[in-house]
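Overview (structure and organization)
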Amino acid sequence: MFDLPPLVDHHCHGVLLDDPDADVFASYLTESDAPAAPGTSFFDTQAGFAVRRWCPPLLGLDPYTSPARYLARRRELGAAEANRRLLGATGIGTFLVDTGLSGDLTTPEELSRAGGGRAREVVRLEVLAERAADAFDDARTFVDALDVSVDSAARTAVGFKSVVAYRHGLALAPEAPTAAEVLTAAGQWLGARRPGDRLTHPVLLRHLLWTAVDTGLPLQLHTGFGDPDLRLDHADPLLLTDFVRATAGSGCDLVLLHGYPYHRGAGYLAAVFPHVYADMGLTLGHTGARARALLAEMLELTPFGKLLFSTDGYALPELYVIGARLFRTALEELLGEWVRDGSWGYPDAHRVAKMLASANARRVYRL
C-alpha cells in the first residue's frame, strides 16, 4: 500500500558470526536468562512464532516449519549465508549500531555489508567509563581520560547510548554533578572496583549523561523491559521527567528506547517536550501478532514526527527480519484501516509512514 524508502534502523547490535546451537538460538528469543517452561522452548513465544512465520521462506522453507527443521536448514547454509539472506531481506538501508555489547558479533561494517546497507556507530557511555577504569586507577586521570573518550567518540559516532536504567534506575538526580562531586565519586568507585565490575555509581552515571548531552549528539536511553538485570519499575521513562526538563534547550535530543509496558508514558514525554523522541524497537518483535495493537497505542499521543523505527536486533539476523516485517505489516494494516474508514487521507498516511520508516531518524541523527 505504501511505497516506503529503505528503513533506518536507529538502534541495533551485531549478529553472531557462528551458527548457534538450538538452545543458544532459542535463548535469544527472550529477555529471560532462565530455561523455558518444562516441555517447551522459547520458540513458544510471540517472537518465536514470528520467526517461524517470516524467516523460513527466506531460507527456502515453508512458513511455520518446525524449529528443528529450520535450524537444520540454517546449519546447511552456514552462518555467513544465513546472515546475508536474512539481513538482505529486511529492507533496512541504514544501521545505527550500538557497539557496547561484547561477544563474537559482527562489526557495524560487517553487519551493513551482509544487509546491503550502510552503518554508523552509536557509542555506549558506560563502556567508555569501564575501559577508562581498566586503564587508570587514579581518580583525576580517570575523569580526564573519560572526558577525552566521550569527546573523541563524538567526532565519528552519530549518537550515544546509556543503560543507566540497568545500572541504577532512571530516578537519578537531574542536574549535572559538580567537578568536585565527580572526582570524589571516581575515587570511591575506583577504590572499591574489582576487574570487570560495571559502573553503578550514580554520580558518575549522571556525569556520563551530562558529558554526552554537552556534545549535542542524540542520546539514547534504555527504558522499559529488558533482561533480569533490570528492575522494571525503575525503568519507567516517566522517572526521567526532571532530567528531561533539565536538558531542555541543551541542543541534545533524548531518544527513549523500547518503553514497553510504559510506551504510552514515553509517547507523552515526546508529545510535551520538543527534544524527546520515542522508539518502537524491541517492543514490536517481542509482541509479534500483537504488534499492530502496540503500534496503535504508540501513535495515540506520540507526535508522528517523534516516533522512530528500530529492531533492536541482536545476535540473530532473524530478529532484524521480524522487527522490520512486523513494523511494515502493522503500519500498512493500521494506517490502511484509518484511510479506509475515512479518519485519514491517503497522502497524509503515506507521508507519516515514510516519517516513521526513515525520515524521522534521518533528521534526528543528521544522516
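So, a few notes on the structure that sits alongside this text. Since we're looking at a predicted model, the values are computed, not measured.

Rules used in this analysis
- Residues numbered from 1 in each chain as written.
- Predicted model: local features only at pLDDT ≥ 70, side-chain atom pairs only at ≥ 80, totals over all residues.
- Heavy atoms only, no water.
- Pairing = 2+ DSSP bridges.
- Helix = DSSP H or I, 4+ residues; strand = E, 2+ residues; numbered from the N terminus.
- Core = buried A, V, L, I, M, F, W, Y, C linked by side-chain atoms within 4.5 Å.
- Buried < 20%, exposed > 50% of the residue type's maximum accessible area, 1.4 Å probe, protein only.
- Contact = heavy atoms within 4.5 Å.
- Salt bridge = Lys/Arg side-chain N within 4 Å of Asp/Glu carboxyl O.
- Phe/Tyr/Trp six-rings, centres within 6.5 Å; stacked < 30°, edge-to-face > 60°.

Right, let's talk about the sheet that holds strand 3 (residues 118–124) for a bit. Taken in spatial order, the 8 strands of this open sheet run 1-2-3-4-5-6-7-8, and their pairing is parallel. Both edges of this open sheet fall to strand 1 (7–12) and strand 8 (307–308), since each of them pairs with a single strand only. Strand direction decides the pairing type here: strand 3 and strand 4 (residues 159–162), joined by 3 bridges, are parallel. In the strand pairing of strand 4, valine 123 is matched with phenylalanine 160.

Once that is clear, we can look at the nonpolar core. By size, the foremost hydrophobic cluster in this structure holds 110 residues, and its most contacted members are Phe142, Phe160, Leu219, Leu221 and Phe327. Element by element, the count of residues in this core is highest for helix 15 (residues 317–340), at 12 residues. Discounting residues that sit within four places of it in the chain, leucine 221 has contacts with Ser162, Val164, Leu209, Leu240, Phe243, Leu254, Val255, Leu256 and Leu257. Core analysis: the next-biggest nonpolar cluster, separate from the first, contains 11 residues, Val8, Leu96, Ala361 and Val364 among them.

This structure, assessed with the given rule, holds 20 salt bridges. A salt bridge links glutamate 76 to arginine 73; the shortest N-O distance between them is 3.2 Å. On the criterion of helical spacing, the pair formed by glutamate 76 and arginine 73 is a turn pair, its members being 3 residues apart in helix 3 (residues 67–77). Across the salt bridge formed by arginine 194 and aspartate 197, the nearest N and O atoms sit 3.7 Å from each other. For aspartate 197, a relative accessible area of 23% puts it in the partly exposed group. In this structure, a network of salt bridges that share partners links the residues Asp19, Arg74 and Glu318.

Moving on: the packing of aromatic side chains. Applying the stated criterion across every chain yields a total of 11 aromatic pairs. The interplanar angle of 65° and the centroid separation of 6.3 Å between the aromatic rings of phenylalanine 25 and tyrosine 70 together place this pair among those described as edge-to-face. With phenylalanine 25 in helix 1 (residues 22–27) and tyrosine 70 in helix 3, the pair connects residues that are 45 residues apart, well separated along the chain. Classification of phenylalanine 25 as buried rests on a relative accessible area of 0%. Here the aromatic rings of phenylalanine 95 and tyrosine 320 are separated by 5.9 Å at their centres, their planes lie at 65°, and the arrangement is edge-to-face.

For strand 5 (residues 219–223), the buried fraction is high: 5 of the 5 residues fall into the buried class. Along strand 5, one buried face is formed by Leu219, Leu221 and Thr223 and the opposite face, lined by Gln220 and His222, is buried too. Pairing between strand 4 and strand 5: 3 bridges, direction parallel. Counted as the bridge partner of phenylalanine 160 is leucine 219 from strand 5.

What follows deals with helix 6 (residues 125–135). With 8 of its 11 residues buried, helix 6 lies for the most part within the structure. Here helix 6 has its buried residues at Leu125, Glu126, Val127, Leu128, Ala129, Glu130, Ala132 and Ala133.

The next point concerns the side chain of threonine 287. Turning to its location among the elements, threonine 287 is positioned in helix 13 (residues 283–287). For threonine 287, the residues in contact, after removing those within four places along its chain, are Gln46, Tyr260 and Leu294.

Here we come to the pairing of strand 2 (residues 92–98). Every regular strand shows the same layout, with side chains that alternate between the two sheet faces. Within strand 2, 7 of the 7 residues are buried, leaving the element largely enclosed by the surrounding structure. As paired elements, strand 1 and strand 2 share 4 bridges and run parallel to each other. From the neighbouring strand, leucine 7 faces strand 2, where its bridge partner is isoleucine 92. Two strands pair when backbone bridges link them, and strand 2 and strand 3 are joined in this way by 5 bridges, in the parallel orientation. Paired with aspartate 98 across the bridge in strand 3 is valine 122.

Okay, unusual backbone geometry next. In the segment running from tyrosine 260 into proline 261, the intervening peptide bond is cis, with an omega of 5°. Locating proline 261 in the fold gives a position in the loop between strand 6 (254–258) and helix 12 (263–272). Here the phi dihedral of tyrosine 64 falls at roughly 70°; this positive angle occurs in a residue that is not glycine. A residue is classified by how much of its surface remains accessible, and tyrosine 64, at 53% relative accessible area, is exposed. With a phi close to 55°, aspartate 312 is a non-glycine residue in the positive phi region. Within the element layout of this structure, aspartate 312 appears in the loop between strand 8 and helix 15.

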